[in-house]
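# Understanding the architecture of this molecule
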Amino acid sequence: MSLNQIIFLILRRMRAPLLMVIISYAIALIGFVLIPGVDDHGRPYHLSFFDGFYILSYTATTIGFGEVPYPFTIHQRLWMTFSIYMTVISWFYAIGAIIALFQESALKQALKTAIFQRDVRNLMEPFYLICGYGETGGELVRALDRNELRVVVLEIAPERINELEMTDYQFNIPHLCADAKLSEVLLFAGIKNPMCRGVAALTDDDHANLAISVAVKLIKPDLPVLARVQDDVIAANMASFGTNRIINPYHIFGEHLAMRLNALGTYLLHEWLTRAPGDAIATPAAIPQGHWIACGYGRFGKSVVSSLQNENMQVTIIEADPEGTQCDDCIIGSGVEAHVLQQAGVEHAVGIVAGTDNDINNLSIVMTALELNPDLFVIIRKNKRHNDPLFQHFNADITMQPSDVIAHTCLAYMVSPMLAEFLTIARHKGNQWANAVIAQLVSKLGEQVPDTWDIAIEDEMAIAVCAMMEQGLQPALKHLMMSPAGQQRREMPVVPLMLVRGNQEMLLPELSTPLQIGDRILCCGLDQAKSVQRFIMHDVKTMHYLVTGTEMPETWIGRWLKQ
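Here's a quick rundown of the structure. (Residues numbered from 1 in each chain as written. Predicted model: local features only at pLDDT ≥ 70, side-chain atom pairs only at ≥ 80, totals over all residues. Heavy atoms only, no water.)

### Observations concerning empty space enclosed by the protein
Basically, it comes down to this: Definitions used throughout: a 1 Å grid over protein atoms alone; a cavity as a set of points that fits a 1.4 Å probe which cannot get out; a pocket as an open set with protein on both sides within 12 Å along at least five of seven lines; a lining residue as one with an atom within 4 Å of a point. Grid points are joined across faces, edges and corners, and a volume is the space filled by probe spheres set on the points. Put simply, Ala, Val, Leu, Ile, Met, Phe, Trp, Tyr, Cys and Pro go in the nonpolar bin, Asp, Glu, Lys and Arg in the charged bin, and everything else, Gly too, in the polar bin.
Per the stated rule, a full pass over the model turns up one cavity of 30 Å³ or more. A volume near 50 Å³ is recorded for the largest cavity. Lining the largest cavity are Gly37, Val38, Tyr45, Leu47, Val68, Pro69, Tyr70, Pro71, Phe72 and Gln76. For the lining of the largest cavity, the class distribution of residues is eight nonpolar, two polar and no charged.

### Here's the deal with the environment of Ala235
To keep things clear, this is the line we draw: We count a stretch as a helix when DSSP gives it H or I for four or more residues in a row; a strand needs E for two or more, and each element gets its number in order from the N terminus. The contact criterion used throughout is that any non-hydrogen atoms of two residues lie within 4.5 Å.
Following the sequence through the fold, Ala235 ends up in helix 10 (residues 232-240). Along the chain, Ala235 and Leu19 lie 216 residues apart, while their C-alpha atoms are 59 Å from each other. With residues up to four places along the chain from it excluded, the contact list for Ala235 reads Val229 and Ile246.

### Some points on the state of the cysteines
Applied cut-off: In plain terms, two cysteine sulfur atoms within 2.5 Å form what is called a disulfide here.
For the structure on display, the rule yields zero disulfides. The cysteine Cys196 is free of any disulfide, with Cys131 supplying the nearest cysteine sulfur at 9.3 Å.

### Overview of the packing of helix 12 (residues 264-274) against helix 19 (residues 417-427)
Spelled out, the test is: Fitted lines through C-alpha atoms serve as axes, helices being fitted only where they are in contact, and the angles separating the N-to-C directions of these axes extend from 0 to 180 degrees. When an angle is under 35 degrees it counts as roughly parallel; over 145 it counts as roughly antiparallel; between 65 and 115 it counts as roughly perpendicular; any other value is oblique.
The contact between helix 12 and helix 19 brings their axes to 10 Å, and the two run at 170°. The angle between the axes of helix 12 and helix 19 places the two elements in the roughly antiparallel class. Of the residues in helix 19, those in contact with Thr266, Leu269, His270, Leu273 and Thr274 of helix 12 are Leu419, Phe422, Leu423, Ala426 and Arg427. For the contact of helix 12 with helix 19, the class distribution of residues is six nonpolar, three polar and one charged.

### Things to note about the sheet that holds strand 9 (residues 291-295)
Where we set the bar: Between any two strands, pairing holds if DSSP finds at least two bridges.
With parallel pairing, the six strands of this open sheet are ordered in space as 11-10-9-12-13-14. The sheet is open, and its two borders are formed by strand 11 (331-332) and strand 14 (398-400), each paired with just one other strand. Where strand 10 (residues 314-319) and strand 11 come together, two bridges link them in parallel fashion. When the sheet's bridge partners are listed, Ile318 is paired in strand 11 with Ile331. Sitting on the sheet, helix 11 (residues 249-262) is in contact with strand 13 (377-381) and strand 14, with an inclination near 160° to strand 14.

### Observations regarding the pattern of salt bridges
Rule in force here: Salt bridge criterion: a side-chain nitrogen from Lys or Arg within 4 Å of a carboxyl oxygen from Asp or Glu.
A full pass over the atoms with the stated rule returns 14 salt bridges. Each of Glu155, Arg160 and Asp204 takes part in one network of salt bridges that share partners.

### So, helix 4 (residues 74-103)
The line we're drawing: Helix span, as expected, comes to 1.5 Å for every residue beyond the first. For every residue, the accessible area (1.4 Å probe, protein chains only) is compared with the maximum for its type, and the residue is labelled buried under 20%, exposed over 50%, or partly exposed between those bounds.
Spanning 30 residues, helix 4 covers 44 Å between terminal C-alpha atoms, matching the ideal 44 Å at 1.5 Å per step. Of the positions making up helix 4, those classed as buried are Gln76, Met80, Ser83, Met86, Thr87, Val88, Ser90, Ala94 and Leu101.

### With respect to the pairing of strand 15 (residues 451-456)
Along any regular strand, the residues point their side chains to alternate faces of the sheet. With respect to burial, strand 15 is a largely interior element, five of its six residues being buried. As defined by bridge partners, strand 15 adjoins strand 20 (residues 520-525) across six bridges and the pair is classed as antiparallel. If you follow Ala456 over to strand 20, its bridge partner there is Arg520.

### A look at the pairing of strand 20
Along strand 20, five of the six residues are buried, which leaves the element largely enclosed by surrounding structure. The pairing of strand 18 (residues 494-501) with strand 20 spans six bridges and is antiparallel. Considered in strand 20, the bridge of Val495 is made with Cys524.

### Section: the environment of Thr409
Filter applied, for reference: The term polar contact refers here to a pair of N or O atoms within 3.5 Å; inside protein, the definition further demands a hydrogen-donor-capable atom paired with an acceptor-capable atom, and it admits residues adjacent in sequence only when both atoms are side-chain atoms.
Among the structural elements, Thr409 can be located in helix 18 (residues 402-415). Overall, Thr409 belongs to the buried group, its relative accessible area being 13%. Once you skip the residues sitting within four places of it in the chain, Thr409 turns out to touch Arg245, Ile247 and Ile252. A distance of 2.8 Å separates a polar side-chain atom of Thr409 from the backbone oxygen of Val405.

If you want it as C-alpha cells, here you go:
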C-alpha cells in the first residue's frame, strides 16, 4: 500500500468526524454573523464572516481571547456558550477518532510498510537483503555495517525489530516486521531493485529459508542467494532451485576441523583471509591423535565424529536419546555424570567433544571431564551468544557457535565474492602450497589479518585503466599495486591473490601480467592501500604517471608541445 493510498484511507475513515466538525463550525459561524451586537456608540453591529471565524477559532479550540471587537450582548453570549459546547464536543469526537485510528495495528503496519518501501527505493548504493535478525542475522548486519555495506532487514519477531532499532549503526538500516516467506514482502524489500546485490535467508526455520530461496530464484533468477539450512533434504531442494550458497554450520565446522587435522597450512590460510582485518591469528594447537569422547550425537556431534573417524581416530559416543539421533553404538547418558565419562574411558582419552544443544550442560560436561583428566583437548559447542562470558572464562581449545560460523561464511561471500572461489581452489592445492602463500603474505603484509577486496577492469570501475588502453598504453597488474606518493613509484602493501579472465583462473598472478578489459582481480592488503588503489583506478593523470613514469601535461598546449 502506497502513502497516497494510506492518506486516502485515513481521510475516508475520518469522514464522519470531519463532517461533524465542519457542520458545528458552520452553525456557530452563521449564528455569530446573524445575531446583532452593539458597538461603542450603542448602534447595532453585525460581525463579518472573518470576525466570526476568528472568534470561533479561539473559542472552539478552548484557547480563549475575549470579546472582540466590542463587548457582547446577552444574546451573543448565549450563542457563544452554545457554540463552545457544540464545537468542543465535535473536536473531542474528531480527536478521539484520530487516536483510535492510529492505534489500529493494521494502519500502523501499513504506514511502516509504506515508509520501508520508500526507504528501499531511495537507496542509491549496493545493498544486501537480510531475512532474519536473530543471533546470526544480527552478527552479519553488524559486520556488514562495519565494512560500510548497506543492508535491508526483514524480521517476523517484533522484539528483534525493537533490538535493531535500539542498536547504534553508522548507516540507517531500512527494516520491516513481516514474514519474509511472502513474495510480496520480498518485492517490498527490493529484490528487483538494481542496487540489490544478494539475499541472505538466515531465519531459524529451514522451511522459511527454503521458501525465501525459491521465491527469489523464481522472481529474479540471477540474484545471488545465501541460505542457512540444517536439514540435508531441504538443502538438496534448495540446490535444485539454484541457491548460490547453502550454509550448514555443522558441515562447515566439520570441514574446518578436517582441514586442521590433515592440512594445517590450508586451515591457517582460510582463517587468515576470512577473519576481521587487524586481528592476530595465533598458531592453533595441534589436535591430538588417539581416543576421543563425543557427548551429544546431534547434527554437530555427527559432523565432528565423522571428521575424527575419517582420520582413523577411535571415538566413543555418549548420547541421551539414541533412538532420536539414530545412534546405534553409544553409551546412554548426558555426559555430565562422572561414572558415564569413566565408562567411556575418559582417563585414557586425548580429547572430548561437548556438543549438546544446552550451553550449561556442555560446560558441565567439560568441567567434570577435566577433573578426571586435566590433559584433555576440549571442543565445545556454544549455542547462545548471551553465554559469551561463561565460555570466555572457560577458554576451551576450540569453541564453535553456529551463528558465528554462518555469519562468517556469509560475510566472506558478500565482502569479496571472489574470496570464496579462491578458498575453494586453495583447498585442492595442498598444504605445501598454502604454507608458501602464507609466507609470501606475511613477508609483505605483516602478521595481522589483512583486508580483501575485488576489483574489475570495466569502464565505470576502472576509468583511468581504460583511458590508458584507449591511448595505446598497456597498463599491467603491477601498476595497480604502486603508490604515486613521493618522487619514486613504490609498491604498496598489496598482493594479488587471483586474476580471473573469462574462464581462466590465475592464482598469485605475476605483477607483469598485462591487464585486459573484463579482468577481475582479488586483492589482499592493508586498508589504506585499498583506498589508494581505488583512487588510482579513477584518476587518469596518476595512472599515466605510474604507467609511463612521466607527468601528463594538464593543458591542451602542454600535451601538443609534448607530442
